Amino acid sequence: MRSGAITVRDVDAPHAPKRSGVIVRNYASLISAGTEKMSVELARASLIEKAKSRPDDVKKVLAEIKQNGFWATYSRVMNKLDSEKAMGYSCAGEVIAVSEDVTDIKPGDRVACGGQGASHSEVVSVLKNLCVKIPDNVSYEDACYTTLGAIAMQGVRQAEVRFGEYVAVIGLGLVGQLTCAIAKAAGCVVIGIDLDDDNVLLANSHNANFAFSRKADNLVDKIKSLTHGFGVDSIIITAATSSNDPIELSAQIARDRGKVVMVGVTKMDIPRDTYYLKELDFRFSRSYGPGRYEHDYEEKGIDYPIGYVRWTERRNMQEFVRLLTEKKVEPSKITTHQFPITEAKQAYDMIAGEVKERYLGIVLTYPESSEKLRITNYELREKSQTPNPTLQTPKIGFIGAGNFAQGFLLQTLKENSELVIVANESGASSQDAQNKFGFKSSTTNPNDVISSSDVNTVFIATRHNLHAELICKAFEAGKNVFCEKPLALNFEDAARVANTYSKLKTQNSKLLIGFNRRFSPLVVKTKEFFGEPNQAKLIFYRVNAGAVKASDWTMDEEIGGGRIIGEICHFIDTAAYLTGDALPTSVVAKSLSSGRSDVIDNDNVSIMIEYEDGTVASILYIANGDRSLPKEELQVFSSGRTAIMKNFTELELWNGSGKPKIISGQGKGHKEEVVAFISSIKSGKESPIPFDSILATTLITFAIRESLATGEVVRF
């Protein structure tokens, strides 16, 4: 993503389907020339050009600089730019594995796939609601157009066309040609418009009733003549241009109260007078249809009832396949090139303009079989247990090397230990992390990491629902374990970890959960300022967390656990650290009223925790505040002293002199926690956080939810 270089790599296949998932052996995939060309061009742009094209990302970077400092943010941005991106999102092949909850698709089925995961790869892992069956009379080369066909179909649906209506399609690239064919199959009179004469000729020959060059003389008059002087009923814009011409032309050729639908990407400076006088209806079309970008629909496989949502993205894909079956749409007439996957770079050289040749539909094909294909069950391989890891050089196996891990953990690990093997969900991202940080090997199977006799320490940075299971498996294999927070999402999983730890603690394996804030230099200085930990304290921790989309995976109760379990655990652990890891005695929590007795606001919460040393900690977690207010402020009071830590950038220490000592700082402790954990392994010392404290923090998060539900104090 920094240079735009295109490579074809041999990587590990997905090891098992995810929930509501399907693994498919590809036989054909379609390069979405417009979208993928823009991706390549953006990657090859300078940093300044990247910033200009992504102003929202620039705002996020500036906000992160305020939170974490320039160099830490710069390192994360560069790391992301150095990452590789698997291209493609429309393919077709044969199912080779399905998850247990998938019942309408089985191994051996011929399918077309779309969305994230449906990349240009021999083997792909996709979601069932983005996967549809194809009949035997539809070739894989035609079926791989299905995702783009769904995009085109959703545009036609947004136009609400009726039989006999006149529809203009502006932009006759891949999606434009498919849009013409679909509208024509629906009984509309279709008029195609494009700057490219070859695209106009293709539309005239196969997909549209009429097609004109945008450069044609008296174009508006010709269209008015075809429509009996009224203008077209609907215009569907499928062009990709920085020009405003498609918007302006639409107003000129539309009938009174016509519809304009934006499928493509153009400048959108809507001329008020013409749109107002005709009272035109301007609409957007979102990708493949209802369900797109919806977490429950795509990742959980929960369909929308047909009585309420007739055409979801999957049903749009199915309908496009029906049109292929009946030869109402013929992608073979759009395809200009086919390349085997091994020669894919030639295709991208062509769309990037390095090879001057006309193209439209570019299909990649795949070999009939793959010797490297490996689909395994999610079971720990039987291997000898790792020798007692005490006093050993840390040899790291890493599971889940995503953006967070690469930005905050792996660089420090690289400098302080030996990196052995890394596992990510996709082979491409696993190999990218291997190359970037110097792991000896990569895989898509977490059990390859856990069972490796070359690994004595496992780092886990996956989604939260996998933590407890992976911790137990790694512990049972005799490994040290560092796992990002939280420890577990429920009592059962927490108990499982506790029982496993208790049973195996004699092997001296270490466990650390990624509660990084206690390792921040300013938090460490705060604790030192108050001296002996047995002095009771009043602790106030204000967290201006801001709102998170309900569709974000962290908000999913089954996957992320929500904000109390997934993030508030950080602030509970910080309070525990300041007490010297005293155990809690009671917890009570209150939230903003939602106006409904059955709905609890877990995003705006006031929490009070009492500890056995007499300390009382209050945590105010806010999602409805001003986002420009610095996120965190910690205040501690005890024995005539006060400490105020301001968002990890400044610490005020008041000791009765009337003037505070000011200490500047930066960083939330990510580097320091990794160094502390690795040092404990090398030295044979205890893990930096006692297990009792880790478990207590986890149980407090459960108690907070119980208190919110019952309105009662929860006692330990």
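Refer to the structure above for everything that follows.
Report on the accompanying structure. (Residues numbered from 1 in each chain as written. Predicted model: local features only at pLDDT ≥ 70, side-chain atom pairs only at ≥ 80, totals over all residues. Heavy atoms only, no water.)

### Observations concerning the sheet that holds strand 14 (residues 395-399)
Taken in spatial order, the 6 strands of this open sheet run 16-15-14-17-18-19, and their pairing is parallel. Among the strands making up the open sheet, the edge pair consists of strand 16 (441-443) and strand 19 (511-513). Shown here is a sheet whose adjacent strand axes are inclined to one another by a mean of 15°, direction ignored. (Pairing = 2+ DSSP bridges. Helix = DSSP H or I, 4+ residues; strand = E, 2+ residues; numbered from the N terminus. Axes fitted to C-alpha atoms, helices over the stretch in contact; angles between N-to-C directions.)

### Structural notes on the side chain of Asp-109
Along the polypeptide, Asp-109 turns up in the loop between strand 2 (90-98) and strand 3 (110-114). In this structure the side chain of Asp-109 is engaged in a polar contact, spanning 2.9 Å, whose partner is the backbone nitrogen of Lys-106. Apart from residues no more than four positions distant in its own chain, Asp-109 is found in contact with Gly-93, Glu-94, Val-95, Asp-104 and Lys-133. (Polar contact = N/O pair within 3.5 Å; in protein donor to acceptor, adjacent residues only side chain to side chain. Contact = heavy atoms within 4.5 Å.)

### A few points about the sheet that holds strand 11 (residues 281-284)
Sheet strands pair by backbone hydrogen bonding; their relative direction is either parallel or antiparallel. Read across the open sheet, the 6 strands follow the order 8-7-6-9-10-11; overall the sheet is parallel. Bordering the open sheet on either side are strand 8 (210-213) and strand 11, each of which pairs with just one other strand. Within the sheet, the average angular offset between the axes of one strand and its neighbour, ignoring direction, is 20°. Examined bridge by bridge, strand 6 (residues 166-170) and strand 7 (residues 189-194) share 5 bridges and lie parallel to one another. Its bridge partner being in strand 7, Val-167 is matched across the sheet by Val-190. Its contacts with the sheet put helix 6 (residues 146-159) on strand 9 (232-237), strand 10 (254-262) and strand 11, and the angle it makes with strand 10 is roughly 150°. Lying on the sheet, helix 9 (residues 219-226) is in contact with strand 6, strand 7, strand 8 and strand 9; it crosses strand 8 at an angle near 170°.

### Thoughts on the state of the cysteines
Covalent bonding between the sulfur atoms of two cysteines defines a disulfide. Following the criterion strictly, the structure yields 0 disulfides and no others. Among the cysteines around Cys-180, which has no disulfide bond, Cys-188 carries the closest sulfur, lying 11 Å off. (Disulfide = S-S within 2.5 Å.)

### Concerning the pairing of strand 15 (residues 418-423)
Side-chain positions along a regular strand alternate between the two faces of the sheet. Of all 6 residues in strand 15, 5 are buried, a share of seventy percent or more. Here strand 14 pairs with strand 15 via 5 bridges, running parallel. Within strand 15, the residue paired with Ile-399 across the bridge is Ala-423. Examined bridge by bridge, strand 15 and strand 16 share 3 bridges and lie parallel to one another. Its bridge partner being in strand 16, Ile-421 is matched across the sheet by Ser-441. The parallel pair strand 15 and strand 16 is bridged by helix 17 (residues 427-437), and the resulting crossover is right-handed. (Buried < 20%, exposed > 50% of the residue type's maximum accessible area, 1.4 Å probe, protein only. Right-handed = clockwise from strand over helix to strand, strands pointing away.)

### Thoughts on the environment of Ser-429
Topologically, Ser-429 is positioned in helix 17. Taking the C-alpha atoms as reference, Ser-429 lies 8.3 Å from Ala-401; in sequence the two are 28 residues apart.

### Re the packing of aromatic side chains
Here the structure, examined in full by the defined rule, presents 14 aromatic pairs. Of the aromatic side chains, those joined through ring pairs into one cluster are Phe-398, Phe-459, Phe-482 and Phe-677. Positioned above the aromatic ring of Tyr-140 is the side chain of Arg-110, whose terminal nitrogen or guanidinium carbon lies 4.3 Å from the ring centre. Positioned over the ring face of Tyr-577 is Lys-527, at 4.3 Å from the centre of the ring. (Phe/Tyr/Trp six-rings, centres within 6.5 Å; stacked < 30°, edge-to-face > 60°. Lys NZ or Arg CZ within 6 Å of the ring centre and 35° of its normal.)

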